[in-house]
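Given next are the chains, with one letter for each unit.
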Amino acid sequence: MSLTVPNDLLDQARAGDVDDAAFVACVRDSLPYAWSLISELVTERAQSGTEFADNQVPPPSEEARGQLLRCLASDAMRGALERHFGVRLAFQNCHRVAVFDPSATKALDEFVTPRAQILNQKPELVDC
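Right, let's walk through the structure included here.

Thresholds applied
Residues numbered from 1 in each chain as written. Predicted model: local features only at pLDDT ≥ 70, side-chain atom pairs only at ≥ 80, totals over all residues. Heavy atoms only, no water. Helix = DSSP H or I, 4+ residues; strand = E, 2+ residues; numbered from the N terminus. Expected span 1.5 Å × (residues − 1). Buried < 20%, exposed > 50% of the residue type's maximum accessible area, 1.4 Å probe, protein only. Contact = heavy atoms within 4.5 Å. Pairing = 2+ DSSP bridges. Axes fitted to C-alpha atoms, helices over the stretch in contact; angles between N-to-C directions. Core = buried A, V, L, I, M, F, W, Y, C linked by side-chain atoms within 4.5 Å. Salt bridge = Lys/Arg side-chain N within 4 Å of Asp/Glu carboxyl O. Arc of directions from axis to C-beta. Parallel < 35°, antiparallel > 145°, perpendicular 65-115°, else oblique. Nonpolar A, V, L, I, M, F, W, Y, C, P; charged D, E, K, R; others polar.

## Focus: helix H3 (residues 32-48)
Side chains that are three or four residues apart share a direction in an α-helix, a result of its 3.6 residues per turn.
Here is step 1: With 17 residues, H3 extends 24 Å from end C-alpha to end C-alpha; this agrees with the ideal 24 Å at 1.5 Å per step.
Here is step 2: Within H3, the full set of buried residues consists of Tyr33, Ala34, Trp35, Leu37, Ile38, Ser39, Leu41, Val42 and Arg45.
Here is step 3: At its buried positions, H3 is contacted by helix H2 (20-30), strand S1 (52-54), helix H4 (62-73), helix H5 (75-85), strand S2 (88-92) and strand S3 (96-100).
Here is step 4: Positioned one or two residues after H3, Gly49 has a phi angle of 75°, which is positive.

## Topic: the sheet that holds S2
Here is step 1: Here 3 strands make up an open sheet; going across it, the order is S1-S3-S2 and the pairing antiparallel. The sheet is open, and its two edges are formed by S1 and S2, each paired on a single side. Each neighbouring strand pair of the sheet contributes to a mean axis angle of 20°, computed without reference to strand direction.
Here is step 2: Across 5 bridges, S2 lies against S3 in antiparallel orientation. Note that in S3 the partner of Gln92 across the bridge is Arg96.

## Section: the nonpolar core
Here is step 1: Counting 26 residues, the largest nonpolar core has Val27, Ile38 and Leu81 as the members making the most contacts within it.
Here is step 2: When contributions to this core are tallied by element, the ones reaching two or more residues are H2, H3, H4, H5 and S3.
Here is step 3: Ranked by the residues each element gives to this core, the list is headed by H3, at 7 residues.
Here is step 4: Ignoring sequence-local partners within four residues, the contact set of Ile38 consists of Cys71, Leu72, Leu81, Phe85, Leu89, Val97 and Val99.

## Brief notes about the pattern of salt bridges
Here is step 1: On inspection of all chains with the given rule, the structure shows 8 salt bridges.
Here is step 2: Here Arg83 ties to Asp20 by a salt bridge, and the two come within 2.8 Å at their closest N and O atoms. Of this pair, Arg83 sits in helix H5 while Asp20 is found in helix H2, placing the two residues 63 residues apart along the sequence.
Here is step 3: Arg83 sits in the exposed class, given a relative accessible area of 54%.
Here is step 4: Glu110 serves as the salt-bridge partner of Lys106, at 3.7 Å between the closest nitrogen and oxygen. Placement of both Lys106 and Glu110 in helix H6 (residues 105-111) is noted, with a separation of 4 residues, approximately one turn of the helix.

## Quick word on H2
Here is step 1: For H2, the set of buried residues is Phe23, Val24, Cys26, Val27 and Ser30. The buried residues of H2 occupy an angular sector of 155° when projected down its axis, which confines them to one face. What points out from H2, more than 90 degrees from its buried face, is the exposed set Ala21 and Asp29.
Here is step 2: Along its buried surface, H2 packs onto helix H1 (7-15), H3, H4 and H5.

## What about the packing of H4 against H5?
Here is step 1: Relative to each other, H4 and H5 sit at 85°, their axes nearing to 5 Å. Taken together, the axis directions place H4 and H5 in an arrangement best described as roughly perpendicular. Contacts between H4 and H5 involve Arg70, Cys71, Leu72 and Ala73 on the former and, on the latter, Asp75, Met77, Arg78 and Leu81.
Here is step 2: The residue makeup of the contact of H4 with H5, split by class, is 5 nonpolar, no polar and 3 charged.

Take it as geometry only, folks, not as evidence of what the structure does.
See the structure below:
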C-alpha cells in the first residue's frame, strides 16, 4: 500500500473532493523518506538559486527506495507535491530525483530525454 490514510481523509474522499493540504500531509506521514529527500532538494535549490537540484545517492534501504518509487510513480502524489512546494519534479532510475524551478523548462526538458536517462546508467544501478 502506498499511503496510510487516516479515517477522516478517507471519509473526505468518499464525500467528494480531497483537500490538497490534507493529502500532502498524508503523503508526508506515509512516505517519510521520500518527503524528506524532496524537501531537502527543494531547500537546496532555493538556497543555491540554481535551476534544479538533484539527488544522486541511492536510498539507504529497499523500504526507502519503495517510498520514493511509490511517491514519484503516482501522478496524484507528484502533482500534489509540485503544487505544495511550487516546483517541478523529475525522476530517473530508482533514486535520481530532481527538483526544478518551474521556469527552468529547458533544464527540465533536457533532464527527461532518453539521452539523459542513458547517460545516467551505471553498472551499480542495474538492480534498481
